[in-house]
Amino acid sequence: MAVTLEVTGGQRGEWAVLHVSGEMDLVTSPVLRRRVHAAVADGRRSLVLDLSGVVFCDSSGVGVLIATRRLIRSCQGRLRLILPAAGRTAAGPGSTGRPQGAHVNRVLGALGVRRLFEVHPDVASAVAPAPDDGEEAGPLSA
C-alpha cells in the first residue's frame, strides 16, 4: 500500500487552515512544505496546521514543521498547530481506531521541540482571538 500525505486548505477568518492527514516522512513531507510556501506566497501570515489526521511523523516531517515556524516568524506571522492529546482516536467512516495526531504530539515532545509551537486541541480554539492578538487586550497593570 502506498503511503500518502494529503493536505487540504481552508479559510477561517484571517487564518489559513491546512488540514494534514496521512504520514509525514522523507517522501511525503515536501507536499506540506509546498503548501505552506504557497500560502505564504499568497500573503497568508496567520497559519493553522491541523495535524490531527497525521498517523506517522519522522524527522523529515519535524523538519518541515520547524522550517514552517521559521518562515512564518520571518514574515512576522502566526503559526498554530492542532495536536490532539494521546489516546484520542479518529471516528467515522474509514477510521482505523488508531490514535490520530497524538503521534506528532509525542514525537515533538520526545525531541524537546513541542515548546516551540503554539498548540491547540482543535481548529476552533486555534482560530479564536488570543489576548496577544490585540483583540481582547485589557488595561495594563502597573
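Structural data are supplied above this passage.
Every value quoted in this text rests on a predicted model; they were computed, and no experiment measured them. (Residues numbered from 1 in each chain as written. Predicted model: local features only at pLDDT ≥ 70, side-chain atom pairs only at ≥ 80, totals over all residues. Heavy atoms only, no water.)

(A) Seen up close, the packing of helix 1 (residues 29-41) against helix 2 (residues 59-74). It is at 9 Å that the axes of helix 1 and helix 2 come closest, and there the two elements cross at 10°. Considering the angle they form, helix 1 stands roughly parallel to helix 2. Along the contact surface, helix 1 presents Ser 29, Leu 32, Arg 33, Val 36, His 37 and Val 40, while helix 2 presents Ser 60, Gly 61, Val 64, Leu 65, Ala 67, Thr 68, Leu 71 and Ile 72. Classifying every residue of the contact of helix 1 with helix 2 by side-chain character gives 8 nonpolar, 5 polar and 1 charged. (Axes fitted to C-alpha atoms, helices over the stretch in contact; angles between N-to-C directions. Helix = DSSP H or I, 4+ residues; strand = E, 2+ residues; numbered from the N terminus. Parallel < 35°, antiparallel > 145°, perpendicular 65-115°, else oblique. Contact = heavy atoms within 4.5 Å. Nonpolar A, V, L, I, M, F, W, Y, C, P; charged D, E, K, R; others polar.)

(B) Broad picture of the side chain of Ser 29. Tracing the backbone through its elements, the reader meets Ser 29 in helix 1. A residue is classified by how much of its surface remains accessible, and Ser 29, at 3% relative accessible area, is buried. Ser 29 has contacts with Leu 5, Ser 60, Gly 61 and Val 64, leaving out every residue within four places of it along the chain. (Buried < 20%, exposed > 50% of the residue type's maximum accessible area, 1.4 Å probe, protein only.)

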